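Notes for the structure review
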Amino acid sequence: MSFVDGIVAQVLILETGLYHAYMRLAAGTDDEALHDLRINLRRLRSLLRPLRGKDGVTDLDQAAAEVGKMTTPVRDLEVLIQELRRKGLNGPANVRQDTLAASYAAIIESSTLQQFFTCLDEWPTAFRAAEQDGELRGMKKRVLNRLEKQVESLKAALSDPAHDRHQIRLRVKRTRYAADAYPDLSPISTETAAALKTLQSALGTWHDHFQWCLKAKQEPDLHPLLHRWQTEGNAALLQAEADLVRLAECLE
């Protein structure tokens, strides 16, 4: 299988996963449908990011970004409700459940999502046309160069004590998912990949608590959880700082 064939095959697999998650979301069969849709969306964008600038790629990536932007607050609400139920606070969770259901319906019916699926359906034809026109020559080397630059950018961020931890979280996610998208070209080792995953988890936990604390300061029924969330968030950040040092050592 050629490099281009492999990319097209991955996109088709992701397309199947995206449609499946969409149908589950529409049918209301489970509470992981939106999460799975977003994961497949993120994997698609990780695959496309090094290819941007080629016919059809930028348009599809932008359409995917719009879906991601639209669904982020809904996923945040999902996670908050799950946290409230874990804490035994079914009252505040139930209050937010109706908003969540309405948000699901808005996503399902949105023109943003439908435009994305239209763009996704049309993409393989446009990409194949670019290949036939010779526009994809040297693509493998281009992807490799971009992956290496991404790792170097992450290394620089990790070495800067003042670098914003929210931005590091995003860099870690992008580096990890890019490595997953192009495993044969990835410049990182198996050990480094594991360190990326560990740091992403710790930073994700911290980020969730950071967001919940902001909400607790604005929403009275969450205020009793503020101190606990601050304590848990600080613990997650301390763990993330240790994981950050380990990742930096792996990258060196």
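Structural notes, computed from the coordinates. (Residues numbered from 1 in each chain as written. Predicted model: local features only at pLDDT ≥ 70, side-chain atom pairs only at ≥ 80, totals over all residues. Heavy atoms only, no water.)

**Quick notes on the pattern of salt bridges**
Throughout the structure, instances matching the rule amount to 16 salt bridges. Its salt-bridge partner being Lys215, residue Glu219 comes within 3.8 Å of it at the nearest N-O pair. (Salt bridge = Lys/Arg side-chain N within 4 Å of Asp/Glu carboxyl O.)

**Digging into helix α4 (residues 90-109)**
Taking 1.5 Å as the rise per residue, α4 with 20 residues should run 28 Å; its terminal C-alpha atoms sit 29 Å apart, in good agreement. Bending of α4 peaks at approximately 30 degrees at the position of Arg96. Among all positions in α4, only Pro92, Ala93, Arg96, Leu100, Ser103, Tyr104, Ile107 and Ile108 are buried. Summarising the contacts, the buried residues of α4 are in contact with α1 (3-27), α2 (33-48), α3 (57-86) and α5 (111-132). (Helix = DSSP H or I, 4+ residues; strand = E, 2+ residues; numbered from the N terminus. Expected span 1.5 Å × (residues − 1). Bend = angle between axes of the 7 residues up to and from the residue. Buried < 20%, exposed > 50% of the residue type's maximum accessible area, 1.4 Å probe, protein only. Contact = heavy atoms within 4.5 Å.)

**Observations concerning the environment of Ala178**
When you line up the elements, Ala178 lands in helix α7 (residues 165-181). A residue is classified by how much of its surface remains accessible, and Ala178, at 4% relative accessible area, is buried. Sequence spacing of Ala178 and Thr118 is 60 residues, and the spatial spacing of their C-alpha atoms is 24 Å. Those residues in contact with Ala178, other than ones at most four positions away along the chain, are Ser46, Leu147 and Gln150.

**Observations concerning the packing of α1 against α2**
Close contact between α1 and α2 brings their axes to 8 Å; oriented N to C, the two are set at 160 degrees. The angle between α1 and α2 falls in the class roughly antiparallel. Helix-helix and strand crossings are classified by hand; for α1 and α2 the assignment is left-handed. In contact with Ile7, Gln10, Val11, Leu14, Gly17, Leu18, Ala21, Tyr22, Arg24 and Leu25 of α1, α2 contributes Ala33, Leu34, Asp36, Leu37, Asn40, Leu41, Arg43, Leu44 and Leu47. In the contact of α1 with α2, the residues fall into 13 nonpolar, three polar and three charged. (Axes fitted to C-alpha atoms, helices over the stretch in contact; angles between N-to-C directions. Parallel < 35°, antiparallel > 145°, perpendicular 65-115°, else oblique. Left-handed = near helix turned anticlockwise from the far one by under 90°. Nonpolar A, V, L, I, M, F, W, Y, C, P; charged D, E, K, R; others polar.)

**Some thoughts on the nonpolar core**
Taken as a class, soluble globular proteins show a tendency for nonpolar side chains to be buried jointly. Phe116, Trp123, Phe127, Tyr182 and Trp229 are the most contacted members of the largest nonpolar core, which totals 56 residues. Looking at which element gives the most residues to this core, the answer is α3, with 11 residues. Residues contacting Phe127, with those up to four places away along its chain left out, are Val4, Ile7, Val8, Leu51, Val57 and Leu136. With 19 residues, the next largest nonpolar core counts Ala157, Leu196, Ala240 and Leu247 among its residues. (Core = buried A, V, L, I, M, F, W, Y, C linked by side-chain atoms within 4.5 Å.)

**Here we look at the packing of aromatic side chains**
Taken as a whole, this structure holds seven aromatic pairs when the rule is applied. Aromatic side chains Phe116 and Phe117 sit 5.4 Å apart centroid to centroid with 50 degrees between the ring planes, which places their arrangement in the tilted category. Exposure class is identical for Phe116 and Phe117. Each is buried. Here the aromatic residues Tyr19, Tyr22, Phe116 and Phe117 are joined through ring pairs into a cluster of three or more. (Phe/Tyr/Trp six-rings, centres within 6.5 Å; stacked < 30°, edge-to-face > 60°.)

**Digging into the packing of helix α6 (residues 139-158) against helix α9 (residues 226-251)**
Between α6 and α9, the least distance of the axes is 10 Å, while the angle of their chain directions is 135 degrees. Regarding the angle of α6 to α9, the classification is oblique. Crossing handedness for the pair α6 and α9: left-handed. Contacts between α6 and α9 involve Val151, Leu154, Lys155 and Leu158 from the former and Leu244, Leu247, Ala248 and Leu251 from the latter. Class assignment for the residues of the contact of α6 with α9 results in seven nonpolar, no polar and one charged.

**Here's the deal with the side chain of Lys173**
By the element assignment, Lys173 lies in helix α7. In contact with Lys173, not counting residues within four places along its chain, are Arg42 and Gln200.

**Examining α2**
Compared with an ideal rise of 1.5 Å per residue, which puts 16 residues at 22 Å, α2 spans 23 Å between its outermost C-alpha atoms and is within 8% of the ideal. Those residues of α2 that sit buried are Ala33, Leu34, Leu37, Arg38, Ile39, Asn40, Leu41, Leu44, Ser46, Leu47 and Leu48. Against α1, α3, α4, α5 and α7 lie the buried residues of α2.

**Quick notes on the environment of Thr175**
Structurally, Thr175 is set in helix α7. Using a relative accessible area of 4% as the deciding quantity, one classes Thr175 as buried. Those residues in contact with Thr175 that lie beyond four places of it in its chain are Gln150, Val151, Leu154 and Leu196. A polar side-chain atom of Thr175 sits 2.8 Å from the main-chain carbonyl oxygen of Arg171. (Polar contact = N/O pair within 3.5 Å; in protein donor to acceptor, adjacent residues only side chain to side chain.)

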